[in-house]
Amino acid sequence: MTPKFSLLALAATLALPAAAQQDPQAGKILDAVSAKYTALKSFQAGFTQTLENPAAKLKQNITGDITVSGQKYHLVASGQEVINDGKTTWTYLKNENEVNIADADPTNQDMSPAQMYTMYKKGYKYQMLKPVKEGGVTYDQIELTPENKTNDVFKVQILVSQADKSIKSVKTFKKNGTRTTFTLKNFKANVPVTTTSFAFNKAAHPGVKVVDLR
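Throughout what follows, the structure given in this document is the object of discussion. Note that this is a predicted model, so its numbers are computed, not measured.

1. Looking at helix α1 (residues 24–38)
Residues separated by three or four positions in an α-helix point in the same direction, a consequence of the helix having 3.6 residues per turn.
So, point 1. Across its 15 residues, α1 extends 21 Å between first and last C-alpha, which sits within 8% of the 21 Å expected from 1.5 Å per residue.
So, point 2. The complete set of buried residues in α1 reads A26, G27, I29, L30, V33, S34 and Y37. Within α1, the buried residues cover an arc of 165 degrees as seen down the axis, which keeps them to one side. Across from the buried face of α1, at angles greater than 90 degrees, the exposed residues are P24 and K28.
So, point 3. Elements that come into contact with the buried residues of α1 comprise β7 (124–134), β8 (137–146), β9 (153–161), β10 (167–174) and β11 (179–189).
So, point 4. Where α1 starts, the residue carrying a side-chain oxygen 3.0 Å from the main-chain nitrogen of Q25 turns out to be D23.

The structure is reproduced here in structure tokens:
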């Protein structure tokens, strides 16, 4: 079975409320993070997703790369490609040489990196934790807790560089004991992209099986 990666850590977990009784310092930092990334025309980054569940003796690392431009993204990880042009999503499975085509779902928070810095207006409370220093860089640490107690995620911890307000990592804690850490690296802003950057090229995959789910 192909390992599953999720962008929940980088998308839905930034759904912070702009409500009263929040930590003003944390809110100011998250506003700065949002302003930084939404101002970009595009960006590209490598990432590592670490999935852990100590009780189940599970630890899984998945690495990949992602390119984002507005509502569009192209993600490559663990034998899979996920391409979204804002209207259609293509999921290509290399081992099966198969591509699944579906309508893009803007409410699917597990796979919506385009929403990662714009959906923090409701749903979570946030507070500052102690700063963390890694590799000579100091990061502010912000913890989120959902207002909806039925949420499968009960807390999220985000590391933000004090120097430039870039995100180092996002770690989600689920009630079933699973912890997912999504770490960004080699971030590049305003990379060149074209319309073909966010469309599946069938000609480049001879014999590909097409499964149209629309």
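More follows now that the structure is in view.
2. Focus: the pattern of salt bridges
So, point 1. Enumeration according to the criterion identifies 2 salt bridges in this entry.
So, point 2. A salt bridge links D152 to K174, with the nearest nitrogen and oxygen atoms 3.8 Å apart. Of this pair, D152 sits in the loop between β8 and β9 while K174 sits in strand β10; the two residues are 22 residues apart in sequence, bridging distant segments of the chain.
So, point 3. You can call D152 partly exposed: its relative accessible area is 36%.

Calculation notes
- Residues numbered from 1 in each chain as written.
- Predicted model: local features only at pLDDT ≥ 70, side-chain atom pairs only at ≥ 80, totals over all residues.
- Heavy atoms only, no water.
- Helix = DSSP H or I, 4+ residues; strand = E, 2+ residues; numbered from the N terminus.
- Expected span 1.5 Å × (residues − 1).
- Buried < 20%, exposed > 50% of the residue type's maximum accessible area, 1.4 Å probe, protein only.
- Arc of directions from axis to C-beta.
- Contact = heavy atoms within 4.5 Å.
- Polar contact = N/O pair within 3.5 Å; in protein donor to acceptor, adjacent residues only side chain to side chain.
- Salt bridge = Lys/Arg side-chain N within 4 Å of Asp/Glu carboxyl O.

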